Amino acid sequence: MTENELLTRCGGKCELCGSDVELSIYDLPASDGHENEIMICENCSSQIAAPDTMDMNHWRCLNDSMWSQVPAVQVMSYRMLKRLISESWAQDLLDMLYLEEDLRAWGDAEAAAASDDTPPTLDSNGAVLNAGDTVVIIKDLNVKGTSFVAKRGTAVRNISLTNNPEHIEGRVNGTRIVILTCFVKKS
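Below is a summary of the structure that appears in this document. Computed from a predicted model, the values in this text were never measured in an experiment.

Before going further, it helps to spend a moment on the state of the cysteines. Evaluated as defined, the whole model comprises zero disulfides. Counting only cysteine sulfurs, cysteine 17 is the nearest neighbor of cysteine 14, a cysteine outside any disulfide, at a range of 3.8 Å. With no disulfide of its own, cysteine 61 lies closest to cysteine 17 among cysteine sulfurs, the gap being 5.3 Å. Of the residues examined, cysteine 61 reaches a relative accessible area of 14% and is grouped as buried.

Okay, the pairing of strand S9 (residues 175-180) next. Note that strand S8 (residues 167-172) and S9 share six bridges and pair antiparallel. Residue pairing in the sheet places valine 172 in a bridge with threonine 175 of S9.

Turning our attention to the sheet that holds strand S10 (residues 184-186). Taken together, three strands build an open sheet; the order of strands is S6-S3-S10 and the sheet is antiparallel. Each edge of the open sheet carries a strand with a single partner, namely strand S6 (155-156) and S10. Pairing of strand S3 (residues 135-137) with S6, which is carried by two bridges, proceeds in the antiparallel orientation. Each residue of the ladder has a partner; that of valine 136, found in S6, is alanine 155.

Close contact between helix H4 (residues 71-83) and helix H5 (residues 88-96) brings their axes to 9 Å; oriented N to C, the two are set at 140°. Classified by the angle between their axes, H4 and H5 sit oblique to one another. Crossing of H4 against H5: the hand is left-handed. Across the interface between the two elements, Tyr78, Leu81 and Lys82 from H4 touch Trp89, Ala90, Leu93 and Leu94 from H5.

What follows concerns the pattern of salt bridges. Scanning the entire structure with this criterion turns up five salt bridges. The shortest N-O distance in the salt bridge between aspartate 95 and arginine 171 comes to 3.3 Å. A residue pair is termed long-range when its members are at least 10 positions apart, and aspartate 95 in helix H5 and arginine 171 in strand S8 qualify at 76 residues. On the basis of relative accessibility, which here comes to 48%, the residue aspartate 95 falls in the partly exposed class. In this structure, lysine 186 engages aspartate 133 in a salt bridge whose closest nitrogen and oxygen atoms are separated by 3.4 Å. Of this pair, lysine 186 sits in strand S10 while aspartate 133 sits in the loop between helix H6 (101-114) and S3, and the two are 53 residues apart along the sequence. The class of aspartate 133 is buried, set by a relative accessible area of 16%. A single salt-bridge network, built from bridges that share partners, covers Asp92, Asp95 and Arg171.

What follows covers unusual backbone geometry. Its identity is not glycine, yet asparagine 158 carries a phi of approximately 55°, on the positive side. Its place among the elements puts asparagine 158 in the loop between S6 and strand S7 (160-161). Residue classification places asparagine 158 among the exposed positions, given a relative accessible area of 54%. Its identity as a non-glycine residue notwithstanding, asparagine 173 has a phi of 55°, on the positive side. Its place among the elements puts asparagine 173 in the loop between S8 and S9.

The rules behind each value
- Residues numbered from 1 in each chain as written.
- Predicted model: local features only at pLDDT ≥ 70, side-chain atom pairs only at ≥ 80, totals over all residues.
- Heavy atoms only, no water.
- Disulfide = S-S within 2.5 Å.
- Buried < 20%, exposed > 50% of the residue type's maximum accessible area, 1.4 Å probe, protein only.
- Pairing = 2+ DSSP bridges.
- Helix = DSSP H or I, 4+ residues; strand = E, 2+ residues; numbered from the N terminus.
- Axes fitted to C-alpha atoms, helices over the stretch in contact; angles between N-to-C directions.
- Parallel < 35°, antiparallel > 145°, perpendicular 65-115°, else oblique.
- Left-handed = near helix turned anticlockwise from the far one by under 90°.
- Contact = heavy atoms within 4.5 Å.
- Salt bridge = Lys/Arg side-chain N within 4 Å of Asp/Glu carboxyl O.

And the structure:
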């Protein structure tokens, strides 16, 4: 697509946050049969390029952009929500987001490429943990920021992996928490 076609499609606004300042074309790698260009603002572009400078509140805009009819915008929203998975609001949005199988694979392609050199996530017995697995807590854990204790023997279903191979995320008592992998075993 040409820049003019992209500007027409997006109405002169960033396809992620809606800003109309300093727009440029962003090319999503690993496209498979879809248009892989989106129009984004300088603020979004700089934060995508340097994740350590991310303003978490800026990305609440994904609540709107994840419902875009443009596959590339859906995929970029998905990728950004995956980066922000430690934020409870981002996890909630990810739980609501539906992507066709081919779009989810495209969205996960970036994570797969980045994870080629990262060590696997292992439980307390050394078993490899994968997203979606069920684990059992092996020790009573005080959950920071809450008034409850995650009891030994509690099953945590459908876990999520994080960027840190020593942490997983899961729901205990309806609250999404981060759990050290040394306190769980795969069931």
